[in-house]
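Spelled out from the first residue to the last, the chains are:
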Amino acid sequence: VLLYNIGGDKARKLKMIFIQNGIKIRTVAKEDFSKPLGLLSGVLSEEEAKNIPEDMECPEVCNDDEISEEMLIMKGIFGKRLDLLLAAMRKAKAVVPLKAVITEHNVFWNSVQLYHEIRREHEVMSSGKPMEEEKEE
């Protein structure tokens, strides 16, 4: 699990939940925001992270390096295990609204790129309006 901008009591609670479930935690420093998520999470080696396949590049390039909110990125956590972890987070009052799972589609993205994507999705979901379909060119 990669943690961003999470400190204090919430960080302590989250770390306890993840450690009790045998999950490694890494707090990502700002200087690492530009590195591929796959590299930060151990999915990719240094060499693999340098060779981004054209069809795997992030569709939107972000020019800033800011992540201004709490964010949590998980690797290899799906299904029932994910449901149990999210329930434990709610019970401990350690909820992080912006969260995502590393997939084959975002493994080469950097933290800022994923932050902007899940921030946009979170805003749409919170508004109750359907997401606009992307137009093909």
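Provided above is the structure to which this section pertains.
Remember, predicted model here, so these are calculated numbers, not experimental data. (Residues numbered from 1 in each chain as written. Predicted model: local features only at pLDDT ≥ 70, side-chain atom pairs only at ≥ 80, totals over all residues. Heavy atoms only, no water.)

> Tell me about the side chain of asparagine 110, residues and numbers included.
Along the polypeptide, asparagine 110 turns up in the loop between strand E4 (98-101) and helix H5 (111-127). Residue asparagine 110 is classed as buried on the basis of its relative accessible area of 15%. Engagement of the side chain of asparagine 110 in a polar contact is seen with the backbone nitrogen of valine 112, the distance being 2.9 Å. Those residues within four positions of asparagine 110 in sequence are excluded, and the remaining contacts are Phe33, Ser34, Lys35, Pro36 and Leu37. (Helix = DSSP H or I, 4+ residues; strand = E, 2+ residues; numbered from the N terminus. Buried < 20%, exposed > 50% of the residue type's maximum accessible area, 1.4 Å probe, protein only. Polar contact = N/O pair within 3.5 Å; in protein donor to acceptor, adjacent residues only side chain to side chain. Contact = heavy atoms within 4.5 Å.)

> Tell me about the layout of surface pockets, and please be specific about residues and values.
By volume, the largest pocket amounts to about 210 Å³. Along its surface, the largest pocket is lined by 15 residues, and Val1, Ile23, Lys24, Ser41 and Lys75 are the ones closest to its centre. Contributions of two or more residues to the lining of the largest pocket are made by helix H2 (37-41) and strand E3 (71-74). Grouping the constituent residues of the lining of the largest pocket by class yields nine nonpolar, two polar and four charged. (1 Å grid on protein atoms, 1.4 Å probe; cavity = no way out; pocket = protein on both sides within 12 Å on 5 of 7 lines; lining within 4 Å. Points joined across faces, edges and corners; volume = space filled by probe spheres on them. Nonpolar A, V, L, I, M, F, W, Y, C, P; charged D, E, K, R; others polar.)

> Can you lay out the sheet that holds strand E1 (residues 2-4) for me, pointing to particular residues and giving the numbers?
The four strands are arranged E2-E1-E3-E4 in an open sheet whose pairing can be described as mixed. In this open sheet, the two edge strands, each paired with only one partner strand, are strand E2 (26-27) and E4. Of the pairings in the sheet, the one linking E1 to E2 comprises two bridges and is parallel in character. Considered in E2, the bridge of leucine 2 is made with arginine 26. (Pairing = 2+ DSSP bridges.)

> Lay out the pattern of salt bridges with the relevant residues and their values.
Applying the stated criterion across every chain, the model contains nine salt bridges. Of the charged contacts in the structure, one is a salt bridge between lysine 30 and glutamate 66, with a shortest N-O distance of 2.7 Å. A residue pair is termed long-range when its members are at least 10 positions apart, and lysine 30 in the loop between E2 and H2 and glutamate 66 in the loop between helix H3 (46-50) and E3 qualify at 36 residues. Residue class for lysine 30 comes out partly exposed when judged on its relative accessible area of 43%. Linking glutamate 117 and arginine 120 is a salt bridge whose minimum nitrogen-to-oxygen distance equals 3.0 Å. On the criterion of helical spacing, the pair formed by glutamate 117 and arginine 120 is a turn pair, its members being three residues apart in helix H5. Accessibility expressed as a relative area gives 21% for glutamate 117, which makes it partly exposed. (Salt bridge = Lys/Arg side-chain N within 4 Å of Asp/Glu carboxyl O.)

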